[in-house]
Amino acid sequence: MFVAKQGQLEDQMQRKKQSIVDNINADQDATTKIRYINSELELTLPLKEQKDLDKYMNNQEDDTSLRKYLVFGVQWISLVTENLLSHPFIVLRRQCQVYNASKRFHLHPFTLLPSIVHLHRRQGLTTLWKGLGSCLLVRGLSLAVDDAISKLTSWPKDVNSQTTLKRFGQHVLLKCISIGLVVPFHAASLVETVQSDIASEKPGLFDVFREGSLRLFFWSYPQRGRMLPAWALIGPSASLGVTKYLFNLVIRGVASRIMLRRQSLVQENCDSHADTLEQRNSEIYGNLIATLTTELIFFPFETILHRLQLQGTRTIIDNLDNGYAVVPILTNYQGAVDCYRTTIISEGFAGLYKGFGAMILQFSVHIAVIKMAQWIVTKITEVISNRPPPCIVQYYNLDCVAGKSSSTTISSSISSTELDMHSVGQNSLK
């Protein structure tokens, strides 16, 4: 009897061992099936993509150093676009602004395109680049005057969020003096920018200094004619210049802070480090937003100021109504208020926005160039640093993974996920 019971006990132990082996095999089969489930979060990668992702995770430090160099490339392209590539549209805008008798206001870009084509056919490709040298010289002169006043008075040339109220007031006073001194040279540069190439003599490179000096040092110059003296231009020009500068400063600070704040929130969610290129992009777009907003709001005041500066200079400009003829500028404004009233009466409120379509073209090209530069920089970064395509980076959220742990690879992350799924499969089978 004892032997019979012992045999039954051995049979039960054997069945339990077989059951355990069957459960283990079932768990392995279930884990294998779960591992190759084709869902939104696919758990396996092809061998080639797996190697690319491992290289991406291992080359984060090299990628960061590379992007620091590419930052300067994006900034340089933005600077060139702002100072060189935008000049033809500035020429078109100013010619529209100063022509008080024009029939077409060019409030949108489409009416300007036929005139641009006619100008190129009649005067060549360089007709919209006139006055570029004088504009750059005047900008350089403005920076030089700022630096000279700052060294003589110890007033700050630049301000930031930590600048005291007293220092900020000194900075504003420096800007007022600087703009006032440069106004006559800006008026001389305006003449070179809008005058027609086929109806005027081409000015020399430094003629802007000679003409500007005449209007600066002879306050009542000229004794006759319709040209306004320097003292009548400095007040409106300095007021508009300082107001535009302060408005641009505020909008740029607000826009940059908003974009940097959004970027920091993304970095906090991913627990990753700040990216230098993204920070510079935020600054570039902040400057672009501030410039666009400032030019949009102060466009009518700029129209009035340009008409006052050009009055009495006997300038002949291209007629942008058709792009073929040339016309003289003949006005007789007594001041800024008289110019505003006369413009409203004779041209309507839309007359203050003549050439607005050229500004739309200017900023459209500016944004397009920056977008293209960023795309090129991204592609260069991907090629040199073995970065995977954006679709893979976004799909597996690699930037966040890299920020959480620079020593952790995507393969280990996938392995941990597989182990979690394995434990879930065991619990479900039990």
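Provided above is the structure to which this section pertains.
All of these numbers come straight from a predicted model, not from anything done at the bench.

Caption draft 1: View of the overall build of the protein chain. From N to C terminus, the protein chain includes 16 helices and 2 strands. Buried residues in the protein chain amount to 40% of all 430 residues. Here the analysis covers contacts within the protein chain between residues at least 6 apart in sequence; of these, 79% occur between residues at least 24 apart. When the accessible surface of the protein chain is totalled, it reaches about 24,700 Å², and 61% of it is carbon and sulfur.

Caption draft 2: Quick look at helix H5 (residues 112–123). A rise of 1.5 Å per residue sets the reference length of H5, with its 12 residues, at 16 Å; its end C-alpha atoms lie 16 Å apart and thus fit the reference within 8%. Among the residues of H5, Leu-112, Ser-115, Ile-116, His-118, Leu-119 and Gln-123 are the ones counted as buried. One side of H5 holds all its buried residues, which, seen down the axis, span an arc of 165°. Trailing H5 by a residue or two, Gly-124 shows a phi angle of about 95°, which is positive.

Caption draft 3: Quick look at the side chain of Thr-313. Counting through the fold element by element, Thr-313 comes out in the loop between helix H11 (299–310) and strand S1 (316–318). Among the polar contacts listed, one links the side chain of Thr-313 to the backbone oxygen of Leu-310, at a separation of 2.6 Å. In contact with Thr-313, other than residues within four places in its own chain, are Val-191, Arg-215 and Met-227.

Caption draft 4: Fine view of the environment of Asp-146. Position of Asp-146 among the secondary structure elements: in helix H6 (residues 132–153). A residue is classified by how much of its surface remains accessible, and Asp-146, at 6% relative accessible area, is buried. C-alpha of Asp-146 to C-alpha of Ile-177: the two residues are 31 residues apart in sequence and 8.7 Å apart in space. If we skip the residues at most four places from it in the chain, Asp-146 touches Lys-157, Leu-174, Lys-175 and Ser-178. A polar contact is formed between the side chain of Asp-146 and the side chain of Ser-178, at a distance of 2.6 Å.

How each quantity is defined
- Residues numbered from 1 in each chain as written.
- Predicted model: local features only at pLDDT ≥ 70, side-chain atom pairs only at ≥ 80, totals over all residues.
- Heavy atoms only, no water.
- Helix = DSSP H or I, 4+ residues; strand = E, 2+ residues; numbered from the N terminus.
- Buried < 20%, exposed > 50% of the residue type's maximum accessible area, 1.4 Å probe, protein only.
- Contact = heavy atoms within 4.5 Å.
- Areas by Shrake-Rupley, 256 points an atom, 1.4 Å probe, with all protein chains shown as cover.
- Expected span 1.5 Å × (residues − 1).
- Arc of directions from axis to C-beta.
- Polar contact = N/O pair within 3.5 Å; in protein donor to acceptor, adjacent residues only side chain to side chain.

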